[in-house]
Every structure is written in C-alpha cells, then in structure tokens.
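Examining the three-dimensional arrangement
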Amino acid sequence: MPLSQRDATDVAARIIAMWPDQDRNEHVHRYVQGHHDLPYAPKTSKAHYLWLLRKSRTNWCRLLLDLMAQNLFVDGYRTSSTPEAAEGAGWSYWTANRLARRQTGVHRAALEYGHSFAAVTPGDPVPLVRGASPRTMTAVYADESTDEWPVYAVARGTSWGPSGPAQVYRLYDDQAVYFLAGDERTGELSYVETREHGLGVCPVVRFSDSEDLDGERPGVVAPIIDVQDRLNLSVFHLLMAQEHGAHRQRWAAGLELDDGTEPPIGPDRLLHSDSPETRFGSFDATDLSGYVAALEQVLRHLAAITQTPPHALIGSLTNLSADALDEAEQGLQRRVGERRTSYGESWGQVLRLCSLAAGDTAGWSDIAAEVRWRDTGSRSLAAVVDAWGKAVTMLGVPQRATWERLPGVTDNDVKRWEDMPAEPDGNALLADALGRATRGG
C-alpha cells in the first residue's frame, strides 16, 4: 500500500536530512572539474605569484577517470533462454532507453564518487531508465551488505516554471514514486502527487565502484587527491624556475643607468658604456631537469597507485612491441575487469527490473542473464583472428562462438551475420565443376 501524503513527506525529509557524503562528493566533483586547492601562498603574495599558482593546476584526476570509463561499454545482453545472442525484450529496453550512450554517465559517476544509481519506472512503450549520481540521489537499505534492493530512495532535481527554478524531489519505495516540492526559503517539503508502479521492490539499483565488507566505496578520485596536490606543487616549482631562472640573467657593474623608464637590459637593447671601469657578465640559467625529474617521479607514483600504464601519464612510448604494450596495460585491464563484474551485476538488475515493469515475468525471474562488455584491449585484430582461428581448427571450437570475440563486434552484428544467407562453399563448387567436366556433363 502506498504511503500517505504526510508519511511520504516525513520519510523524504528524514532521508534528505541525513544525506551522506555531500561535502565529500562536492570536493571530489570540484577536483574532477579541475578546481583544485591551490598550493600554499603567503598572504602577502603578489598577483603574479598567485597567477602562477592558478596556472600550476593540471587535471590528472580527469585523465584517470577517462582511462577507466573508456574501457567500460556494454555491447550485449544474454538471457538464459537465448545465451547465443542479444535477443528478446531485455536488449530492446536497453536500446529504447539509448543506454548505449547514457551508460557512460552511470559508469563515470560510479568511478568518480564510488557509486551511482539507476532508477526504473513503467513507461510507454517501454520502461524508463534514469541514471543518477550520489550528488542527486541517495538510497537507504535495511542491510547494506546483503540487500539487493533499497527500502527507500530519494532523487532531487530542478523544475522550471513561470516563477523560475524550483527544487523538486522524488521518493521511491516498493509501491510508488512520490513527487515533492521544496520551499526555497524554508526548505520544507510539500506533497505534489503519487504515481504507483506496483513492482513490489524499490526500483533503484546501485552501481558500486569497489566495495569492502565495511561498506567503503572510495571511487577512483578520492584516493589520489593528495597525489594531485603534490603534482600541482611540482608543476608550480617548475613554472617558478622557468619564470625566474631559466633564462640567462645579465649584470653590469659601473654602468650609469637610464632614467628608469625602461629596463637597461633586454633582448632588444644594446649595452654600452664610456667608462673603462664598467664590467659586464651573466649568471648561468637554472637547470630545469631536476624539476622535470621530480614531476615525472610523482607521476610514476600515481601510475603505481592506480595501476595505470606509465606511458599513459608521462607520454613516453619508445620502441614498445605489441606484447610489451599489452603487458604494460595488464594492471589497468585487471582494474577494469573488477568494475565490469560489479557493474555487470547492476545492469542485470536494471534490465530485470525493466522486464518486471513491462509485465515480463520470465525476464524478471532470469537471474542467470548477463551483459557482454566490449573488448577494449590493445591486441590487434590480426592477432585475435589468428588465435581464435587456431582454436577453431585445433580445438574444435565452433566458428559461431568466435564471432563475438572479435574487437568491436556487437551482439547486434552477430545476429545480423546469422540472418545473412550462407555463402557458397568455394571448394565444393570447384569439386562439382571438375566432376561435371570429367563426366563430360
């Protein structure tokens, strides 16, 4: 039975009041956007010093997030009844919701904050799937470690009307979605409407980046914020050395200077003196190699901590064979594989929920269904074809089973290939022609 208007408002207000990790999520979001804390500066610092501080911010957090997200793409969905291809209603819900594109937002939010959400509600012609970050949605579980579905979930957003933007909330439970409005001045909630879904479970799925038994989900960004600050400090030291010591500083003794309106020394000035007592000289330029080496060392620390290929951070790629490149990326692929396992379970929940919302009880009960991930490894197509070709000829693996192993091939491609008419066997045609010629036919 759905909640009453008063109960829905009270439940939503209590969840909003204890919304977890809001300050942490805002901090992480700020670092991903490149708005890092500046290195320390004395209060008396001049404008030029502060300008160099701001220019020292180099966003490695975004790069690491991109490297992970670019390896996470779902390309198919296999049910237990049709394990050979992405057929049936399950995959149609995916395509109808344009999740080929929208999945990236769910994955990036999970990587960035440690978890994200997807909500499923009945729709026409197919159920609707909405992704959300923990900045805009939170969920409450009876038991965080074992429960598949939350008891309640709250999402917040902005609605635009004649009077301007207004804060709106959606409260989910196992029977309905309750729409509430927030007062801009007092923050109090007011009831708007209830839309029953009758699914019997709260239709919200959590995507966990990595989770331990204590419920910790650090994400990709939070553990490297201190390293990001050290990188910014190293870049600042390099910029300061470039600005003040990387050029040869000239000096002159016994030289009568100009009136002070222009510097006496510069690339477009000629120094001369009528006095025999005048002496000229220059200081050596500052060697920047030590600053560069220190910056690269911090980047190597970052690569080790995050299992990122060093060449992806430093940009050095010299005389690496295909095998060496593949070996260098093994750490990243293992890290991606952990996310694929976790996110794959969550996407399975989402598509099962879609089946339930559409009245497909068989799809809802199919707990053995699974998604298929795109192969984003660095192996060449020729190497993959050669390896699987040998598996077919030497081990008896069916040819059809190897199609989906080709890089870039989706389950839709495999289904289309299956529907194509079979090509005639060239050897059989040749044998038939030779037979007819021998018989004189």
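Definitions and limits used
- Residues numbered from 1 in each chain as written.
- Predicted model: local features only at pLDDT ≥ 70, side-chain atom pairs only at ≥ 80, totals over all residues.
- Heavy atoms only, no water.
- Helix = DSSP H or I, 4+ residues; strand = E, 2+ residues; numbered from the N terminus.
- Buried < 20%, exposed > 50% of the residue type's maximum accessible area, 1.4 Å probe, protein only.
- Contact = heavy atoms within 4.5 Å.
- Areas by Shrake-Rupley, 256 points an atom, 1.4 Å probe, with all protein chains shown as cover.
- Salt bridge = Lys/Arg side-chain N within 4 Å of Asp/Glu carboxyl O.
- Pairing = 2+ DSSP bridges.
- Axes fitted to C-alpha atoms, helices over the stretch in contact; angles between N-to-C directions.
- Patch = residues over 30% accessible without salt bridge, like charges linked within 9 Å, V, L, I, M, F, W, Y side chains within 5 Å.
- Lys, Arg positive; Asp, Glu negative; His and termini not counted.
- Charge placed at Lys NZ, Arg CZ, Asp CG, Glu CD.
- Parallel < 35°, antiparallel > 145°, perpendicular 65-115°, else oblique.
- Left-handed = near helix turned anticlockwise from the far one by under 90°.
- Nonpolar A, V, L, I, M, F, W, Y, C, P; charged D, E, K, R; others polar.
- Phe/Tyr/Trp six-rings, centres within 6.5 Å; stacked < 30°, edge-to-face > 60°.
- Lys NZ or Arg CZ within 6 Å of the ring centre and 35° of its normal.
- Expected span 1.5 Å × (residues − 1).
- Arc of directions from axis to C-beta.

This next bit is on the overall build of the protein. Along the protein, the regular secondary structure elements total 16 helices and twelve strands. Within the span of the protein, comprising 441 residues, buried residues form 38% of the whole. The contacts of the protein with a sequence gap of at least 6 include a subset with a gap of at least 24, amounting to 64%. Surface summary for the protein: the accessible area is close to 25100 Å², and the carbon and sulfur share equals 52%.

Right, let's talk about the pattern of salt bridges for a bit. Tallied over the full model, the rule gives ten salt bridges. Salt bridges sharing common partners tie together D209, E338 and R339.

Here three strands make up an open sheet; going across it, the order is β3-β2-β9 and the pairing antiparallel. In this open sheet, the two strands that pair with only one neighbour each are β3 (128–132) and β9 (204–208). Across the sheet, the mean angle separating the axes of adjacent strands is 20 degrees when strand polarity is ignored. Sheet topology places strand β2 (residues 115–121) next to β9; five bridges connect them, and they run antiparallel. Bridge assignment links S116 to a residue of β9, and that residue is F207.

On to a negative patch on the surface, then. Together, D21, D212, D214 and E216 make up a region of like negative charge exposed at the surface. You can see D212 is positioned in the loop between β9 and α7 (225–245). We classify D212 as partly exposed; its relative accessible area is 37%.

We now examine the environment of R78. Mapped onto the elements of the fold, R78 is located in strand β1 (residues 74–78). Sequence separation between R78 and A368 is 290 residues, and the spatial gap between their C-alpha atoms is 8.7 Å.

Looking now at the environment of L406. Its location among the elements puts L406 in the loop between α14 (399–403) and α15 (411–419). Relative accessible area serves as the criterion here: at 22%, L406 is assigned to the partly exposed category. In the structure, L406 is positioned 31 residues away from D375 in sequence and 7.9 Å away in space, judged by C-alpha atoms.

On to the packing of helix α6 (residues 99–113) against helix α11 (residues 330–357). Between α6 and α11, whose axes approach to 12 Å, the crossing angle comes to 120 degrees. Between α6 and α11, the angle is such that the two are oblique. Here α6 and α11 pass one another in a crossing that is right-handed. Residues L99, Q103, V106, H107, A110 and L111 of α6 form the contact with α11, whose own contacting residues are R339, Y343 and W347. In terms of residue class, the contact of α6 with α11 is built from six nonpolar, two polar and one charged.

Turning our eyes to something else, we now look at the packing of aromatic side chains. In this structure the tally under the stated criterion is six aromatic pairs. An angle of 70 degrees between the planes, with centres 4.9 Å apart, marks the rings of W94 and W347 as edge-to-face. With W94 in helix α5 (residues 88–96) and W347 in helix α11, this pair connects stretches of sequence that are 253 residues apart. Under the relative-accessibility criterion, W94 is labelled buried at 1%. The interplanar angle of 65 degrees and the centroid separation of 4.7 Å between the aromatic rings of F207 and W347 together place this pair among those described as edge-to-face. Here W347 lies in helix α11 and F207 lies in strand β9, a separation of 140 residues in the sequence. Judged by its relative accessible area of 1%, F207 falls in the buried class. Ring pairs connect the aromatic residues W91, W94, F207, Y343 and W347, which therefore count as one cluster. Cation over ring: R156 sits above W19, and NZ or CZ is 4.3 Å from the ring centre.

The end-to-end C-alpha separation of helix α8 (residues 289–306) is 26 Å, in line with the 26 Å expected for 18 residues at 1.5 Å each. Taken residue by residue, α8 has L295, V298, L299, L302, A303 and T306 as its buried positions. One face of α8 carries all of its buried residues, which in axial projection span an arc of 150 degrees.

Here we come to unusual backbone geometry. With an omega of 10 degrees, the peptide bond running from D124 to P125 counts as cis. Assignment of secondary structure puts P125 in the loop between β2 and β3. At D21, a residue that is not glycine, the phi angle is positive and equals roughly 60 degrees. Here D21 shows up in the loop between α1 (5–17) and α2 (22–32). D21 gets classed as partly exposed once you look at its relative accessible area, which sits at 41%. Residue R98 is not a glycine yet carries a positive backbone phi of 55 degrees.

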